[in-house]
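Fold and geometry: a report
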Amino acid sequence: MVTETMRNKITVVGAGQVGTTVAQLCAYKNLGNVVIIDIVDGLPQGKALDLQQSGCLQVFDSIIQGTNDYKDTADSDIVVITAGLPRKPGQDRADLLKINAAIVKDVTEKIMEHSKNPILILVSNPLDAMVYLAKQVSGLPRERVIGMAGVLDSARFRTFVSNELKCSLVDVDAMVLGGHGDSMVPMPRYTTVSGIAITDLMEPDRIEALVDRTRKGGAEIVSLLKKGSAFLAPGASAVKMVEAILQDKRRILPCTAYLEGEYGWSGIYFGVPIELGRNGMNKIIELNLTEEEKKMLNISAQDVKNTIEEVDAFLAG
Ligand code: APR
């Protein structure tokens, strides 16, 4: 019998759409005990109870707890931060950044009061800015503060490639690098079907159309849903990272990592291929890029740098 203390402790901050999906998949995969925390009284408790009651049906015996008290998050191995507000009509990106920065700062401080050395996975948007903020506020090394973006963006690209070629999703792999915004850089040369690059399988104009759809993947879902944003694939993407870390899988995945000279940039969070294991990020992998790819990544990095300067201004004042 596995005792509570031997299990991994996973905290999910935010009991909304993404947070609930993360908690559910972590439980279904028996990755550890799960604490769901939210600012709204009753919401995480209700979600946790509901999820716990699915345990005997889905066959998991992880303990699921819902709370509004950060003491219950003590000694978490991994914390997935999904707290934040969605953008309202008429609100500009800079305003949203300030609102979610205040939330993510508060959450990170409270998590760090009760857990000495957690691994933080950031999901809240604007992602590149929020993961940078969490690193600054937590004081954790870059290996332990990672953003979820590339896994989701490449899952979208993989889906579009499989639709286009009418081939099985499981044979398609993809790489999307850069910031998690309009300037993200899907990488056709590193996007393959059973090892064959899509540049050998598709005409350039079709590839460009899929690249464009990937860049706008989040907005496409927002416009269909009318209320709220994507949560199933984002939740599954974060859990893929949680699983790689807790099970020390050493998976190589595109994630948002803090650069210290890699790809020619320092002091920014950026989507790059990294190896994920029990200590978080083991290493960043640098690809041999063409001049065109370098140019696109530099444009995206400059975009991210501008957002990070807004975070620095927020922290300073
Ligand atoms: N502390 C804890 N939870 C908070 C706080 C806070 N300070 N502020 C807000 N929350 C909670 C809200 O109460 C809500 O339950 O965060 C949750 C967010 O859930 P949703 O509004 O359903 O948003 P969701 O779709 O889950 O997206 C969350 O992930 O993909 C990103 O862009 C998305 O930034 C957004 C985040």
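Cut-offs applied
- Residues numbered from 1 in each chain as written.
- Predicted model: local features only at pLDDT ≥ 70, side-chain atom pairs only at ≥ 80, totals over all residues.
- Heavy atoms only, no water.
- Helix = DSSP H or I, 4+ residues; strand = E, 2+ residues; numbered from the N terminus.
- Rg over C-alpha atoms; globule rule 2.2 N^0.38 Å.
- Buried < 20%, exposed > 50% of the residue type's maximum accessible area, 1.4 Å probe, protein only.
- Areas by Shrake-Rupley, 256 points an atom, 1.4 Å probe, with all protein chains shown as cover.
- Lys, Arg positive; Asp, Glu negative; His and termini not counted.
- Charge placed at Lys NZ, Arg CZ, Asp CG, Glu CD.
- Near = heavy atom within 4 Å.
- Polar contact = N/O pair within 3.5 Å; in protein donor to acceptor, adjacent residues only side chain to side chain.
- Nonpolar A, V, L, I, M, F, W, Y, C, P; charged D, E, K, R; others polar.
- Salt bridge = Lys/Arg side-chain N within 4 Å of Asp/Glu carboxyl O.
- Domains from an automatic or database assignment.
- Contact = heavy atoms within 4.5 Å.
- Buried area = accessible area lost by both parts, 1.4 Å probe.
- Pairing = 2+ DSSP bridges.

1. A closer look at the overall build of the chain
- Along the backbone of the chain there are 10 helices and 14 strands.
- Relative to a compact globule of 317 residues, whose C-alpha radius of gyration would be 20 Å, the chain shows 19 Å and is just as compact.
- Expressed along its principal axes, the backbone C-alpha trace of the chain runs to roughly 55 × 50 × 40 Å.
- In the chain, buried positions account for 50% of the 317 residues.
- As displayed, the chain has an accessible area near 14,600 Å², and 52% of this comes from carbon and sulfur atoms.
- Where the 34 positive side-chain charges of the chain centre and where its 40 negative ones centre are 2 Å apart.

2. Details of the site of the ligand
- Close to the ligand lie 17 residues, the nearest being Gln17, Val18, Asp38, Thr82 and Asn125.
- A distance of 2.7 Å is found between an oxygen atom of the ligand and a side-chain nitrogen or oxygen belonging to Asp38.
- Within the backbone of Ile39, a nitrogen or oxygen atom sits 3.5 Å from a nitrogen atom of the ligand.
- Against a free-state accessible area of 730 Å², the protein chains account for coverage of 83% of the ligand.
- At the level of secondary structure, the elements contributing two or more residues to the shell around the ligand comprise helix 1 (17-28) and helix 4 (93-114).
- When the residues that make up the shell around the ligand are grouped by side-chain class, the tally is 9 nonpolar, 7 polar and 1 charged.

3. Quick notes on the pattern of salt bridges
- Per the stated rule, a full pass over the model turns up 16 salt bridges.
- The salt bridge involving Asp77 is made with Arg278; its shortest N-O contact spans 3.5 Å. Of this pair, Asp77 sits in the loop between strand 3 (64-67) and strand 4 (78-81) while Arg278 is found in the loop between strand 13 (266-277) and strand 14 (280-284), placing the two residues 201 residues apart along the sequence.
- Classification of Arg278 as partly exposed rests on a relative accessible area of 27%.

4. Observations regarding the domain arrangement of the chain
- In terms of domain boundaries, the chain breaks down into domain 1 (4-147) and domain 2 (150-316).
- Taking only C-alpha atoms into account, the centre of domain 1 sits 22 Å from that of domain 2.
- Counting from both sides, the interface comprises 39 residues of domain 1 and, opposite them, 39 residues of domain 2.
- Here domain 1 meets domain 2 over a buried area of about 3,400 Å², counting both sides, of which 69% is carbon and sulfur.
- Per-residue buried area on domain 1 facing domain 2 is highest for Asp128, Tyr132 and Arg142; these three make up 22% of the total on that side.
- For the pair domain 1 and domain 2, the interface holds 4 salt bridges.
- Joining domain 1 to domain 2, the criterion identifies 11 residue pairs in polar contact (both at pLDDT 80 or more).
- At the level of elements, helix 1, strand 4, helix 4, strand 5 (119-122), helix 5 (127-138) and strand 6 (145-147) are the ones that each hand at least two residues to the side of domain 1 that touches domain 2.
- Of the residues forming the side of domain 1 that touches domain 2, the biggest block, 9 residues, is contributed by helix 5.

5. Here's the deal with the sheet that holds strand 10 (residues 192-193)
- Reading across the sheet, the 3 strands line up as 7-10-11 and stay open at both edges, with antiparallel pairing between neighbours. Both outer strands of the open sheet, strand 7 (172-173) and strand 11 (196-197), are each paired with one neighbouring strand and no more.
- Here strand 7 runs beside strand 10; their pairing, made up of 2 bridges, is antiparallel. Each bridged residue has a counterpart across the sheet, and for Val172 the counterpart in strand 10 is Val193.

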